[in-house]
Amino acid sequence: MLRLRLSLGLTFVAAVLALCWGDHLVYQAVGVRGVALFPLMVALVALASREVLLLAAAAGMRPVPWVVYGGNLLVVTFCWLAPLSLRFDAKLPEDSHYLAILSSAVATNGTLIALTVGVILAFAAEMYRFKRPGGVTANIAAAVLAIVYVGLLFSFMVKLLLGWGLVGLLSLLIVVKMGDTGAYTVGRLIGRNKMAPELSPGKTVEGAFGAVAFACLGSWITFQWLLPATAPDGARLGPWWGWILFGLLVGVTGMVGDLAESLIKRDVGRKDSSNWVPGFGGVLDILDSPLLAAPVAHACWAFGLVP
């Protein structure tokens, strides 16, 4: 199983890096970010939506499937499309930080509009199929939770890409996955004290410290090496303590995201969100940490903690 996880993990990493490179080439050619990566994001959102529906069904809730799929895809798509309008405004200054913040604000407006439409659709769909009292409120709550958990949280990854380029998105993914690696490695080597035995029996306190240490290391590598290699000459790199604080905040939130999905799975009696990814479980089992950590990473970029 470990060999399978390693081989699949390396394959996923290689595929994502290839898409990132392709996206960078497209951006240089046409000035639009996300052209190569957005289809992958749509696929991940659709698969994660399916798994949320499966978890909801295991709990006895039956939200309308097309509302969950449509709401999540609408939120992520609006988040990506809304900032494209800035390309047609010739009056905007060329300050990169200002444009990043403005792009994030426009994306947020599009996201909130799409989220509102999703909530309205959740109510309307239940009104249409209503036959008798019982289960309606739970179904609406499940649909809204699915749209917020998958669509809204995933939109922050889109905003990281749109506002700060590949380094913005990779800063999140590198830190979170380095944290996962640290938790697994240190937990296997010296883990003795269970951190949350009822939620996730395999996680240890020692593994949590390993996760934070590896996350901070991943952040340092990102801003010390990756950012200078991709940023234009003279770009502000920021203080080193900001890199460490970024790793700490994003790494800890990533662990909370892992436990948050474990909470849902334990409540409905499931070990994995699905068996779609051999050795890993489901797509949601891979995205659980980045989903909750993405808003924190976005806030760090937006408020200037990191460049």
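Procedures and definitions
Residues numbered from 1 in each chain as written. Predicted model: local features only at pLDDT ≥ 70, side-chain atom pairs only at ≥ 80, totals over all residues. Heavy atoms only, no water. Helix = DSSP H or I, 4+ residues; strand = E, 2+ residues; numbered from the N terminus. Phe/Tyr/Trp six-rings, centres within 6.5 Å; stacked < 30°, edge-to-face > 60°. Buried < 20%, exposed > 50% of the residue type's maximum accessible area, 1.4 Å probe, protein only. Lys NZ or Arg CZ within 6 Å of the ring centre and 35° of its normal. 1 Å grid on protein atoms, 1.4 Å probe; cavity = no way out; pocket = protein on both sides within 12 Å on 5 of 7 lines; lining within 4 Å. Points joined across faces, edges and corners; volume = space filled by probe spheres on them. Nonpolar A, V, L, I, M, F, W, Y, C, P; charged D, E, K, R; others polar. Core = buried A, V, L, I, M, F, W, Y, C linked by side-chain atoms within 4.5 Å. Expected span 1.5 Å × (residues − 1). Bend = angle between axes of the 7 residues up to and from the residue. Pairing = 2+ DSSP bridges. Salt bridge = Lys/Arg side-chain N within 4 Å of Asp/Glu carboxyl O.

Caption draft 1: Fine view of the environment of Ala-124. Within the secondary structure, Ala-124 is located in helix 4 (residues 96-129). When the C-alpha positions of Ala-124 and Ile-140 are compared, they lie 9.7 Å apart, and in sequence the two are 16 residues distant.

Caption draft 2: Geometry of the packing of aromatic side chains. Counting across every chain of the model gives six aromatic pairs. Their ring planes at 25° and their centres at 6.4 Å tell us that Phe-223 and Trp-243 sit as a pair that is stacked. Of this pair, Phe-223 sits in helix 6 (residues 205-230) while Trp-243 is found in helix 7 (residues 240-268), placing the two residues 20 residues apart along the sequence. Each member of the pair, Phe-223 as well as Trp-243, is classed as buried. On the numbers, 5.7 Å between centres and 45° between planes, the contact of Phe-223 with Trp-301 is tilted. Taken together, the residues Phe-223 in helix 6 and Trp-301 in helix 8 (residues 283-302) connect sequence positions 78 residues apart. Among the aromatic residues, those joined into a ring-pair cluster are Trp-164, Phe-223, Trp-243, Phe-246 and Trp-301. For the cation-ring pair, Lys-159 lies above Phe-156, with the distance from its terminal atom to the ring centre recorded as 4.1 Å.

Caption draft 3: Just empty space enclosed by the protein, in detail. Summed over the entire model, instances satisfying the criterion amount to one cavity of 30 Å³ or more. Put simply, the largest cavity is a space of about 40 Å³. Taken together, Val-176, Gly-179, Asp-180, Gly-251, Gly-254, Met-255 and Ser-289 make up the full set of residues lining the largest cavity. Listed by contribution, the elements that provide at least two residues to the lining of the largest cavity are helix 5 (136-190) and helix 7. Residues of the lining of the largest cavity, tallied by class, amount to two nonpolar, four polar and one charged.

Caption draft 4: Region of the structure containing the nonpolar core. Counting 64 residues, the largest nonpolar core has Phe-154, Val-158, Leu-172, Phe-246, Val-250, Leu-291 and Trp-301 as its most contacted members. Counting only elements with at least two residues in this core, the list comes to helix 2 (38-58), helix 3 (65-81), helix 4, helix 5, helix 6, helix 7 and helix 8. Ranked by the residues each element gives to this core, the list is headed by helix 5, at 22 residues.

Caption draft 5: Quick look at helix 5. End to end, helix 5 covers just 48 Å across 55 residues, shorter than the expected 81 Å (1.5 Å per residue, more than 12% under). In helix 5, a bend of some 145° at Trp-164 exceeds every other bend along the element.

Caption draft 6: Examining the pairing of strand 2 (residues 200-204) more closely. The pairing of strand 1 (residues 194-196) with strand 2 spans two bridges and is classified as antiparallel. What sits directly across from Lys-194, in strand 2, is Thr-204. In sequence, strand 1 turns back onto strand 2 through a hairpin of three residues.

Caption draft 7: How the structure looks around the pattern of salt bridges. With the rule as written, the count across this model stands at five salt bridges. In this structure, Asp-258 and Lys-203 form a salt bridge, with 3.3 Å as the shortest nitrogen-oxygen distance. Note that Asp-258 is positioned in helix 7 and Lys-203 in strand 2, a separation of 55 residues in sequence. Of the charged contacts, one joins Lys-265 and Glu-261 as a salt bridge, the two residues approaching to 3.6 Å between their closest N and O atoms. Taken together, the residues Lys-265 and Glu-261, both in helix 7 and four residues apart, mark about one turn of the helix. Across this residue pair, the class does not change: Lys-265 and Glu-261 are buried. Each of the salt bridges in this network shares a partner with another, and the network as a whole consists of Glu-261, Lys-265 and Asp-285.

This is a description of form; function is not addressed.
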